[in-house]
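Tertiary structure, described
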Amino acid sequence: MSWIDQEAFLRLVRGRTTGPLAALARLSLGGGAFLYGLGVKARNSAYDRGRKPVYRARVPVVSVGNLTLGGTGK
């Protein structure tokens, strides 16, 4: 996080930072999360109901998530 340090962010989202500005920030983050969740549910529903086509790869695919190379956590 370049615009805010990680500790300050964690204090904010955990509720340790108080005041009207912190409450507004948490409300905004919660609203954004709610809207994002609605979008994901709508997309998944479209796949479930057959409104969005499912792409099938012609070859086997291996997906590796959260792979980090070099220098993280130093």
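Residues numbered from 1 in each chain as written. Predicted model: local features only at pLDDT ≥ 70, side-chain atom pairs only at ≥ 80, totals over all residues. Heavy atoms only, no water.

1. Here we look at the overall build of the protein chain
- From N to C terminus, the protein chain includes two helices and zero strands.
- Within the protein chain, the fraction of its 74 residues that count as buried is 5%.
- Only carbon and sulfur atoms are counted for the fraction: they give 58% of the accessible area of the protein chain, which is about 7000 Å². (Helix = DSSP H or I, 4+ residues; strand = E, 2+ residues; numbered from the N terminus. Buried < 20%, exposed > 50% of the residue type's maximum accessible area, 1.4 Å probe, protein only. Areas by Shrake-Rupley, 256 points an atom, 1.4 Å probe, with all protein chains shown as cover.)

2. Describing helix α2 (residues 20-48)
- Over its 29 residues, α2 extends 42 Å from the first C-alpha to the last, a length consistent with the 42 Å expected when each residue adds 1.5 Å.
- Looking one or two places after α2, you find Gly-50, whose phi comes out positive at around 80°. (Expected span 1.5 Å × (residues − 1).)

3. Thoughts on the packing of helix α1 (residues 6-13) against α2
- Direction vectors running N to C along α1 and α2 enclose 85°, while the axes themselves pass 9 Å from each other. On the basis of the axis angle, α1 is roughly perpendicular to α2. Side by side, α1 and α2 meet where Phe-9, Leu-12 and Val-13 of the first sit next to Ala-22, Ala-25, Arg-26 and Leu-29 of the second.
- Residue composition of the contact of α1 with α2, grouped by class: six nonpolar, no polar and one charged. (Axes fitted to C-alpha atoms, helices over the stretch in contact; angles between N-to-C directions. Parallel < 35°, antiparallel > 145°, perpendicular 65-115°, else oblique. Contact = heavy atoms within 4.5 Å. Nonpolar A, V, L, I, M, F, W, Y, C, P; charged D, E, K, R; others polar.)

4. Overview of a nonpolar patch on the surface
- Together, Leu-21, Leu-24 and Leu-27 line one region of the surface with nonpolar side chains, adding up to about 360 Å² of accessible area.
- Overall, the relative accessible area of 47% leaves Leu-24 in the partly exposed class. (Patch = residues over 30% accessible without salt bridge, like charges linked within 9 Å, V, L, I, M, F, W, Y side chains within 5 Å. Salt bridge = Lys/Arg side-chain N within 4 Å of Asp/Glu carboxyl O.)

5. Considering α1
- N-cap assignment for α1: the residue whose side-chain oxygen lies 3.2 Å from the backbone N of Glu-7 is Asp-5.
- Gly-15 lies just past α1 and shows a positive phi near 85°. (Polar contact = N/O pair within 3.5 Å; in protein donor to acceptor, adjacent residues only side chain to side chain.)

6. Here we look at the environment of Lys-52
- Topologically, Lys-52 is positioned in the segment after α2.
- Look past the residues within four positions of Lys-52 in its chain and what remains in contact with it is Arg-43, Ala-46 and Tyr-47.

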